Amino acid sequence: MKCDNCTKTECNKKQKNDENQASASSEFAKGDENAEEKSEFHKLASERVFLSDCLACDKCVTDEESQHIYQQNERELFNILSLNKKCDTSKHKVLVASLCPQSLPYFAAKFKVGIAEAARKLCGFLKCLGIQYVFDGTLASDFSVIESQQEFVHRYRRHNQDPNALPMFTSACPGWIRYAERILGNLVTPHICTSKSPPQIMGSLVKDFFAKQQNLPPDKVYHLVVAPCFDKKLEALREEFYKSLLHTKDVDCVLTSGEIIQIMEKRNTSVDELDSVALDHIFGEEGELDIARHEGRGSEGFLEHIFKFSAKELFGLEVEEIVYRTLKNRDFQEVILEKDGEVLLQFAAVYGFRNIQNMIQKLKKGKFPYQLVEVLACSGGCLSGKGQAQSTNGKPDKALLQQMEEVYTSLPVRLPEKNATVQKLYQDWLEGIDSQKAQEALHTQYRAENLTSSTLDYKW
């Protein structure tokens, strides 16, 4: 089967995994005689693979990873919920869900309400399933942005002594990270920001701070992430996010926004009958949680926040508004900080694999003026994640995306460093911003692995 936009006539990974996928599907059906229709993810895997969905055309996902990804579905969640209803309390777990900020506009559009009400309705649905706690993942996004800001400033200050310090590439997108590690290798991996992605930071928070609050070992907490893209399933499998001594992962299961809607549809749940339930506070306080967004175009806002922070920290300049200059297209833009005709900072936002390849060609040719690049695998950013904004033909649902963008931009903007809960967690959980515990909980390493020379020159 031909990959969309691919120069090859067949997708090697699709061919390689056909037999395994079929086998896994068969086992799924055997294990549950009342199994419902396959989820959106499994339909995609068994019917058609688009290059924009897979991370590379060859050797991107191992057979073992395929099996584990396949297991991250609604059936796994309901198995855990079912165990909690049985008498053997030794197998009971506390279920926690965290909601990626870019998923909430999808639910708002689907429910035809504002984002705050959509979050309450979604929380009500998840709790009626048996999930005890539902958290807003913006909290973890704040940590990720703050840590990325600090790391960029450190890298900038040492870039004359360290050739790998700059440029810095953002690390929140698992599709980009997988491509960088498996395909691009040492060309870019030393330049990737070490801050964990927001869902994985949320995993650290849930399995450490929250578990201790509940007087539970981490393996007794089951952490579900609701995310806009399928790549988060793969990210949750990373070795460094598994605590072997505690036999637990930071993120136990990822379901896309679309998969949550499918669960609602299978249960014939209408939005009108859902209770509006306030999201939980990580410190257990009562009351409504304020939902805010970061600056930026429907993503985490790394470029804008790092740009403004660095302008002030490095040059003492206050930047009120960022002006983007479009280069090849709307998904390849740059911003520049100038003073007296001198360029002080030059950042870029690069979304989608075609633009990523153009960026890498510039890097190889030594024509790379950027100190920081916000890199996202999905054209249009995280709101366009394939787990929520893709129509049946594999193309973006433009009408839905426009609705999502409108409701997302209606949210108030909050600076991550102004989040009082984050500042309190730095002290109560991490023992300070620059502590060893903060380094361990909020950072990881990205490294070249299984470099495949045959895929380096694919024209996407």
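Residues numbered from 1 in each chain as written. Predicted model: local features only at pLDDT ≥ 70, side-chain atom pairs only at ≥ 80, totals over all residues. Heavy atoms only, no water.

As annotated in an unreviewed UniProt entry, the chain is Nuclear prelamin A recognition factor from Erpetoichthys calabaricus. The annotation that UniProt attaches to the chain under Sequence similarities (unreviewed entry) is "Belongs to the NARF family." (UniProt positions renumbered as here; feature names shortened; annotations may be inferred.)

## With respect to the overall build of the chain
Looking only at helices and strands, one finds 16 helices and 11 strands in the chain. Here the contacts in the chain between residues at least 6 apart in sequence split such that 75% fall between residues at least 24 apart. (Helix = DSSP H or I, 4+ residues; strand = E, 2+ residues; numbered from the N terminus. Contact = heavy atoms within 4.5 Å.)

## Focus: unusual backbone geometry
Put simply, leucine 166 and proline 167 share a cis peptide bond, and its omega is 0 degrees. By the element assignment, proline 167 lies in the loop between helix H7 (138-158) and strand E3 (168-169). At asparagine 268, a residue that is not glycine, the phi angle is positive and equals roughly 55 degrees. Mapped onto the fold, asparagine 268 is located in the loop between helix H11 (257-266) and helix H12 (302-315). Positive phi, close to 65 degrees, is recorded for glutamate 431, a residue that is not glycine. With respect to the helices and strands, the residue glutamate 431 is situated in the loop between helix H15 (420-428) and helix H16 (436-442).

## Side note on the pattern of salt bridges
Applying the stated criterion to the full structure yields 19 salt bridges. Aspartate 162 is the salt-bridge partner of arginine 158, the closest N and O atoms lying 3.3 Å from each other. Under the relative-accessibility criterion, arginine 158 is labelled partly exposed at 37%. The residue glutamate 240 makes a salt bridge to arginine 238 at a minimum N-O spacing of 2.7 Å. Judged by its relative accessible area of 30%, glutamate 240 falls in the partly exposed class. Here the residues in one salt-bridge network are Glu117, Arg120 and Glu288, joined through shared partners. (Salt bridge = Lys/Arg side-chain N within 4 Å of Asp/Glu carboxyl O. Buried < 20%, exposed > 50% of the residue type's maximum accessible area, 1.4 Å probe, protein only.)

## A word on the packing of aromatic side chains
All told, the structure shown has 16 aromatic pairs when counted by the stated rule. On the basis of an interplanar angle of 70 degrees and a centroid distance of 4.9 Å, the ring pair of tyrosine 133 and phenylalanine 210 is categorised as edge-to-face. Note that tyrosine 133 is positioned in strand E2 (residues 133-136) and phenylalanine 210 in helix H9 (residues 198-213), a separation of 77 residues in sequence. Judged by its relative accessible area of 24%, tyrosine 133 falls in the partly exposed class. Phenylalanine 210 gets classed as buried once you look at its relative accessible area, which sits at 1%. A ring pair is formed by phenylalanine 169 and tryptophan 176, whose centres lie 5.6 Å apart and whose planes are at 65 degrees; its orientation type is edge-to-face. Judged by relative accessible area, which is 0%, tryptophan 176 ranks as buried. One aromatic cluster is present, built from ring pairs that chain together Phe152, Tyr156, Phe307, Phe315 and Phe347. (Phe/Tyr/Trp six-rings, centres within 6.5 Å; stacked < 30°, edge-to-face > 60°.)

## Things to note about a positive patch on the surface
Where like charges cluster on the molecular surface, the positive patch consists of Lys328, Lys362, Lys365 and Lys367. Mapped onto the secondary structure, lysine 365 falls in the loop between helix H13 (353-364) and strand E11 (372-376). (Patch = residues over 30% accessible without salt bridge, like charges linked within 9 Å, V, L, I, M, F, W, Y side chains within 5 Å. Areas by Shrake-Rupley, 256 points an atom, 1.4 Å probe, with all protein chains shown as cover. Lys, Arg positive; Asp, Glu negative; His and termini not counted. Charge placed at Lys NZ, Arg CZ, Asp CG, Glu CD.)

## Details of the state of the cysteines
Scanning all chains against the criterion turns up 0 disulfides. Between cysteine 229, a cysteine without a disulfide, and cysteine 378, which holds the nearest cysteine sulfur, the sulfur-to-sulfur distance is 5.9 Å. Judged by relative accessible area, cysteine 229 falls into the buried class, the value being 13%. (Disulfide = S-S within 2.5 Å.)

## Regarding the nonpolar core
Generally speaking, soluble globular proteins have nonpolar side chains that are buried together. Formed by 50 residues in total, the largest nonpolar core has its most connected members in Phe152, Phe169, Trp176, Phe347, Ile356, Met359 and Val373. Residue assignment for this core shows that the elements contributing at least two residues are H7, E3, helix H8 (174-184), H12, strand E9 (332-339), strand E10 (342-351), H13 and E11. Beyond its immediate chain neighbours, meaning those up to four positions away, valine 373 contacts Met168, Phe169, Thr170, Ala348, Val350, Met359 and Phe368. Core analysis: the second largest hydrophobic core is formed by 43 residues, Ile80, Ala97, Leu122 and Leu401 among them. (Core = buried A, V, L, I, M, F, W, Y, C linked by side-chain atoms within 4.5 Å.)

## Observations regarding helix H14 (residues 398-409)
Taking 1.5 Å of rise per residue, 12 residues should cover 16 Å, and H14 covers 16 Å from first to last C-alpha, within 8% of that figure. Of the residues making up H14, those classed as buried are Leu400, Leu401, Met404, Val407 and Tyr408. For H14, the angular spread of the buried residues around the axis is 135 degrees, confining them to a single face. Exposed residues on H14 whose side chains face more than 90 degrees from its buried face are Lys398 and Ala399. Tucked inside the fold, the buried residues of H14 contact helix H5 (104-111) and helix H6 (115-129). (Expected span 1.5 Å × (residues − 1). Arc of directions from axis to C-beta.)

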